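Structural description and commentary
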Amino acid sequence: AGIDVTAWDDNEAARNQAAAKGAVIAEVTATNINDYALICLAPGIPLTHPKPHPVVTLAQHNGVEVTGDIELFGRAKQGALTIGITGTNGKSTTTALIGHILKEANRSVAVGGNIGTAALSLPDLPAFDSNGKPSVYVLELSSYQLDLCKAFAPTIGVFIN
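The structure contained in this document is the topic of the report that follows. None of these values were measured; they are calculated from a predicted model.

A short note on the layout of surface pockets
When its volume is computed, the largest pocket comes out at roughly 1200 Å³. Lining the largest pocket are 34 residues, and of these V5, T6, I39, C40 and L41 sit closest to its centre. Taken together, the elements giving at least two residues each to the lining of the largest pocket come down to strand 1 (6-7), strand 3 (38-41), helix 2 (54-61) and helix 3 (69-76). Element by element, the count of residues in the lining of the largest pocket is highest for strand 3, at four residues. Counted as a void, the second largest pocket has a volume near 160 Å³. Taken together, G79, A80, L81, L125, P126, A127, F128, P134, S135 and Y137 make up the lining of the second largest pocket. A class-by-class count of the residues in the lining of the second largest pocket yields eight nonpolar, two polar and no charged.

Examining the nonpolar core
Core analysis: the biggest nonpolar cluster contains 13 residues, and I33, I39, L41 and V66 have the highest contact counts within it. Of all the elements in the fold, those that place two or more residues in this core are strand 3 and helix 2. A per-element tally of this core places helix 2 first, with three residues. Setting aside chain neighbours within four positions, we find L41 in contact with L47, V55, V56, V66, T67, G68, D69 and L148.

How each quantity is defined
- Residues numbered from 1 in each chain as written.
- Predicted model: local features only at pLDDT ≥ 70, side-chain atom pairs only at ≥ 80, totals over all residues.
- Heavy atoms only, no water.
- 1 Å grid on protein atoms, 1.4 Å probe; cavity = no way out; pocket = protein on both sides within 12 Å on 5 of 7 lines; lining within 4 Å.
- Points joined across faces, edges and corners; volume = space filled by probe spheres on them.
- Helix = DSSP H or I, 4+ residues; strand = E, 2+ residues; numbered from the N terminus.
- Nonpolar A, V, L, I, M, F, W, Y, C, P; charged D, E, K, R; others polar.
- Core = buried A, V, L, I, M, F, W, Y, C linked by side-chain atoms within 4.5 Å.
- Buried < 20%, exposed > 50% of the residue type's maximum accessible area, 1.4 Å probe, protein only.
- Contact = heavy atoms within 4.5 Å.

In structure tokens form, the structure reads like this:
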């Protein structure tokens, strides 16, 4: 999307792997946090509990937005038909089943999120498929991903237990 991205991981092996793929690596807490428009956390990095990760605290104290991949996906795909599935048990099964049903119905669909393909790696779907039906993104959403959403709201939300 033409955005300059700086990556960091507390795990050195992960940093080295990302650098080998061409990522710019910098420890955010050792740089000027105000040089960043936002901080996009991977799900599971402590936002609040048991205590915020140091980069979260630094960003919050300096007015830098902290968000996640699903929120960015929602911003990039405004107006797209999305089905978000969350809950305690059965998220992956329900997500895969909905994706399968839509594919069998000859709908243009991409399935991802907390299952399989990361949301930001899903393909760009046309607004409408060859049958004139809206394309659909089916997303499994973990509680960690939802914690980082401020504005993202799926077209259809499924909460299961």
